Every structure is written in structure tokens, then in C-alpha cells.
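Read off the chains here:
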Amino acid sequence: MHVEFPAPAERTEVVSTFRSDGRWSPHTTRSWEFVGLEEGFRGLDSGDWLPSGAHAGENVIVGMLDSGIWPESRSFGDEGLGPVPARWKGVCQGGDSFNASSCNRKVIGARYYLKAYETHHGRLNATNAYRSPRDHDGHGTHTASTVAGRAVPGVAALGGFAAGAASGGAPLARLAIYKVCWPIPGPNPNIENTCFDADMLAAMDDAVGDGVDVMSVSIGSSGKPPRLPDDGIAVGALHAARHGVVVVCSGGNSGPAPATVSNLAPWILTVGASSIDRSFNSPIRLGNGMVIMGQTVTPYQLPANRTYPMVYAAHAVVPGTPANVTNQCLPNSLSPKKVRGKIVVCLRGSGLRVGKGLEVKRAGGAAIVLGNPPMYGSEVPVDAHVLPGTAVSMADVNTILKYINSSANPTAYLERSRTVVDVKPSPVMAQFSSRGPNVLEPSILKPDVTAPGLNILAAWSEASSPTKLDGDNRVVKYNIMSGTSMSCPHVSATAVLLKSAHPDWSAAAIRSAIMTTATANNAEGGPIMNGDGTVAGPMDYGSGHIRPRHALDPGLVYDASFQDYLIFACASGGAQLDHSFPCPASTPRPYELNYPSVAIHGLNRSATVRRTVTNVGQHEARYTVAVVEPAGFSVKVSPTSLAFARTGEKKTFAIRIEATGKRGRRLDRKYPAGSYTWSDGVHVVRSPVVVLVG
């Protein structure tokens, strides 16, 4: 069965008719302090962090499309908040374990959407989810508190890790909950959710009508991204952009392979994921005296002063285990006879990280050491395993395996873990973060920016264990998660702060401010790196890592209208997204959309791109341009200076990109990148320039 929009396609208010598939899924404290520290501020305790005014963001409403909310969390208290904004038109929809009293002046509205899900899967199994806006999963609670959770002192993950005060980036903003994601029926429905186009579209339509200012959508397509007219999130986001709503979406967790990023429409702000400056150090003492530094947030500890035999999973599997996964500790793959009482070394790959620990426990193992395969490099997501355990980088697991293979009786001991901050370098791009180029339209660079998404502590549903595994009955109020799902709400909160400071700005202007003030450098001043040790670039992080305080005063912005987006869609694949606006006979190239970044695909010797900037800074300002050319290409900006007499004035300039013919070995790279930057001595307005050679 499938759900289609009921209106006939010839009616002008119908964009398109397409199957409502369950191809969408959610993209799964220190982070805000780190973002502040990166900008030279002391963090959230500093008055410098927020825009001027004690109630910054209080009248801004954030719509969360996710798995619901756990309203009793201290992160959603309404102490000291003023009345609900008078323009709010939403409702607090009751249901299973949720009623009008579940909403307050913080969580001002809540709805849930089940029609498309139940048309496809049948009636919801209420043992796995609440038939209401209440969050059974935890994902929605986590993202909502990251955007707008109140400052809550003295919180920590299970085991006391990451202890401190937890706060969202816009702690005074109001939350409107739109529950659109539900468990996938099957043997373990708690592990993964699905979200249907029709349910999401209905939610986005309601959110616009209710009066939200920002939508935070940590959801993306699984598999090949759909065309824009068939993309429920893109169609809903265009409707939202028409009404001035900023839509922020996660880019996906399918990296580091290229061309994996989702949520590709230019009217969406698409977010990658990077690390913060915190780790959870867990020393592994090998029998030869060598100490390897792992990371973990498991609360379980091996008995002190005793070493344990160590075994590699590939040497301890039951007969019949497929040869390509013998080292991955998949369910029922380990031989109890070979692992009982031992520390088992498993590799990431297929299956859930926490599921591998569960398999070691089932087989009687004493602890797990989870190692990275080459694709994940040094990136180490942490987990609250169901037994003692830790995780290590690719280089470190290779060292451990070398020791195991060279020793007749390999042994080890896992020491107690502790939280460490000020880790350098940071941020580092997460290997799981989906990468560009944009497979639908290579002339629009995606992702747009990156933000903290690795090992983020935030509020959690008390109906869900920290691992979501069957048999894990632990209850937590705060939990550590990784994914672009966690980075998306960081950018949503930044959009809230900008909307509060500049209520008259368009959604495109807010997106531009966030993008052009982002940085390609880490906190130490060097280039942002990938988790595998390579230098990152625009296909990894878009315009760079967010700097919210800088975004409040960007100097210049690249604006775009609803009609601009319709013309872009016509130019990009001939998509007519508004039947009252027929596609013109001739359209500009897709790269001519007034976007804050430049990507040129299929360059035939040279191309000229025009952009228009709007002065949002001082009345009188003069900007000059500085160019960093991509290897093998010249970039000329004309004119080289822009003079503005007043705020709101617009200026247009041209960027000519030309192949130089000097194609050395550096041009073996498919995506040579440079930038152009406008500066008036105070503001720095930077745009990446990427040429897609392949």
C-alpha cells in the first residue's frame, strides 16, 4: 500500500503526486561551550554568547520534526519564561500518556502524525511507542534539548561521564513538537525509526500555520535521494521558506564515501557533523606493558588489579560465520568456549556498536575492545555498553592485534575511564558525516556547514535505555549520542539566535549569515581535518564550522526569494514546484542561484557566475575582495571592491572561473577548492569555490 496526496494533480495548489514511502529515518553539554570557546568567549555563562537583551530568543518558536518529547525532563521547564507568544496558533494534542498539562510555556505545542505510517505498517504497536507526542525513542528529546533545553546544572551521562551543566544553544526559545517518526516493526523495533513523506508534509504544513520560526529536522533519506518534486522534506521546506521559516536538516551519516549527503535543496540549511574538544579516556594496559588510550562511557568496570586473557573475535567464531565478518562480533557469531572470561577485540562495520558488546556478553566475554576499520580512522564514538568495554582508533587496534598475534598468551586490563576536555585538534570532521557532492544538483554545494555531532550529551526519554537494546533496562535522563542528528539542532539554535536579533531577515539571509561566517580552521588555527587524518574541504564541511556569534553580524548576506527557488528548480531538472508559476522558456544555469557558496560542475574552459550581496551592516561601508584560487584554475572577481551608502543596499558582482591548463598532480583531486572573501576590515564574508572536475 502507499499514500498519495488526495487532491488531483491539475489543481494549482498541488506541487506533485508521489508515493509516501518510509524511506526516511532520523539521523542519529560541552558542545555549546566549545562553540563559544572557539569564538574566544567563555561559553554559555558569558553574557557575550547571546544577542543583546536578557530575553534573547524567548519569542522565537522552534518546530521539531522528530520522535516526540519527554516533557518531564528538567531541560523543558518553563520557570521564568513569559507568556506564550500571542501569534502562536498551535495545539497540545493529547493521547497515550500525554495531555494538555504536558505542555507549558516552554513546550508550547505538540502534535503527532500516524496516517501514512499506519497505512503502510498497520496499527501502531503501543508497546513500542506512545500513540501521542510523547517520545519513546529518545531521539526527539535529545535534539529538542540541544536546540532549546534550559540550563540544568549537575547532569551527566550514565556512569557520571560528561558531568556539568547541560543547556541548549537557545535556552529561552519555545518548542513546538511534531512527532513524525515511529518504530519499524520487526524483531527489535526500538533500534530504528521510520518517517513517511505524507506525515512529514502534514507536520510541516501545520508548523507553518501554527507560527513556527525555525524548523529543525534531523531526518534524511535512506538510499538514493529522491528528486526535488518527490522529496517530502524538500517540498515542505519550500512551503516553509515561502513563509519565512528557516528549515535546518541533517546531512546524513553515510560518510566518508563521496556523494552521500542528503537534504539537497538549496532552500534547506544542510548540516554535517564534527567533534568537540572532549574525550572519555580509557587506558588499555597490554600484557607487554604498552598502554593504548581508548574511549568509553560504559559505567561497568573490570575488577581491579587483575589482567584478563585477550582474544581477537576472528579467532573465536563459531563454524559457519561468513568469512568477511568474522571479526565483527555479530549476533550469535562468537564461541562461548573461546571467549569466556576474556577481553574480546571486535571491529566496527556491520551491525550496531552496542550490539557487538551484547554479543560478547552473551558468549561470556569479560569485556569488549571495539576497534575502527580503516574508513573510520581516529574517530571514536563512545557507547554505554552492557559490559566493561572501550573503543579505539584504527592505528591503535592494529597495535593491539599485532600484540595478540605475536604473543602466546596475550593479556590486558581496562583501566577506569575519565572525562577529558581541551582535546586538540578540534573540531575534526566525523567520518560518518555524509559527504558531497550533491548528486541531484552538483552546482549547489552540500553540506552547507558543520557543527558538533560526535558524542553529544543531551536529554533522553526515560522509556528508552541508553543503548535501545532489548534486555537493557537501564533508565537515564541524559544520554550521549553521535550523528548529524546531533549537529542539526546546533545550527537550528544558531538560526533561533539570528531570528531573535534580526526578526526582519529572510530565511535565506539567516542561512547566508551562518554560512559566510563559518570557519575552515580548527580551534588551534590549523585547517579542519578529517577523522582519517586527511585535510578536510568543502565536500566535507561545506562553508565550514559554525560561529554563531559571528553570524549575528555578518556584514553582507546573499538573499534569495521564493521565485528564485522556483526558477532554480526549473533549471535543475525541469522541476515545476508551483503550478501557478510555469517554468520559463529559458532559465539561468543552476549555479546562478544567489547562493553563499559556488560550485561549478562540467566547466568548459570558463564560466562566469554572478552574485548579489545585501549590506546588513553599517550605513557606509567599503568591501574589498581576496581570492584563494583552486589548483589549476584562475578566479577573477569583478569589481574588486563594493561601496555601500546605506543598510539594505544591494550590489552585484561577477566571478570568472577559468581552467589555467597547469594541471599538475594536485589536480588529480576531483574537487579543487578555493574561496573568495569580502572584507571591510571588520566583517569577513567568505564563500568557498569548488570546481567538480570528475
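Computed from a prediction, not measured in an experiment: that's the story for all the values here. Residue numbering note: each chain is counted from 1, following its sequence as written. Residue-level local features of this predicted model are given only where pLDDT is at least 70; pairs of side-chain atoms are given and counted only at 80 or more, and the full residue set underlies all totals for whole chains, interfaces and linings. Side-chain metrics in this entry use all non-hydrogen atoms of the structure; hydrogen atoms and water are not considered.

Remarks on the environment of Ala412
Elements are defined by DSSP. Helices are runs of H or I of four residues or more, strands are runs of E of two residues or more, and each kind is numbered from the N terminus. With respect to the secondary-structure elements, Ala412 resides in strand β19 (residues 411–414). On a C-alpha basis, the gap between Ala412 and Ile400 in space is 9.7 Å, while along the polypeptide they are 12 residues apart. With residues up to four places along the chain from it excluded, the contact list for Ala412 reads Ile284, Arg285, Leu286, Gly287, Thr307, Tyr308, Met310 and Ile343. The contact criterion used is simple: two residues touch if any of their non-hydrogen atoms lie within 4.5 Å.

Describing the sheet that holds strand β31 (residues 641–644)
When DSSP finds two or more bridges between a pair of strands, those strands are recorded as paired. Here 5 strands make up an open sheet; going across it, the order is β27-β34-β33-β29-β31 and the pairing mixed. The sheet is open, and its two borders are formed by β27 (598–601) and β31, each paired with just one other strand. Going from strand to strand, the sheet's axes swing by 20° on average, the running direction of each strand aside. Two elements, strand β29 (residues 621–628) and strand β33 (residues 673–679), share 5 bridges in a ladder whose sense is antiparallel. Paired with Val625 across the bridge in β33 is Trp678. Interaxial angles span 0 to 180 degrees and are taken between N-to-C directions of axes, which are lines fitted to C-alpha atoms, for helices over the stretch in contact.

Examining the nonpolar core
One recurring pattern in soluble globular proteins is that nonpolar side chains are buried together. In this structure, Leu65, Met215, Trp267 and Ile514 are the most contacted members of the largest nonpolar core, which totals 89 residues. Once residues within four sequence positions are removed from consideration, Leu65 is found in contact with Tyr178, Val180, Met200, Ala203, Met204, Met215, Ser216, Val217, Ser218 and Ile219. Ranked by size, the runner-up nonpolar core spans 24 residues in total, among them Tyr558, Tyr591, Ile655 and Tyr676. For the purposes of this section, nonpolar cores are sets of buried Ala, Val, Leu, Ile, Met, Phe, Trp, Tyr and Cys residues that join through side-chain atoms within 4.5 Å. Exposed residues in this analysis have more than 50% of their type's maximum accessible area, buried residues have under 20%, and partly exposed residues fall in between, with area computed by a 1.4 Å probe over protein chains only.

Section: helix α4 (residues 197–210)
The end-to-end C-alpha distance of α4, which contains 14 residues, comes to 19 Å, matching closely the 20 Å that a straight helix rising 1.5 Å per residue would cover. Residues Asp197, Ala198, Asp199, Met200, Leu201, Ala203, Met204, Ala207, Val208 and Asp210 constitute the buried set of α4. Immediately downstream of α4, the backbone of Gly211 shows phi near 110°, a positive value. To estimate the expected span of a helix, subtract one from its residue number and multiply by 1.5 Å.

With respect to the confidence of the model for the protein
The predicted model of the protein averages 90 in pLDDT, with 91% of residues at 70 or higher. Of the regions scoring below 50 in pLDDT, residues 1–18 engages in 37 contacts with residues more than four places distant in sequence or in other chains. Throughout residues 41–54 the model reports pLDDT below 50, and contacts reaching past four residues in sequence, or to other chains, amount to 31 contacts. For every residue, the predictor states its confidence as a pLDDT score lying anywhere from 0 to 100.

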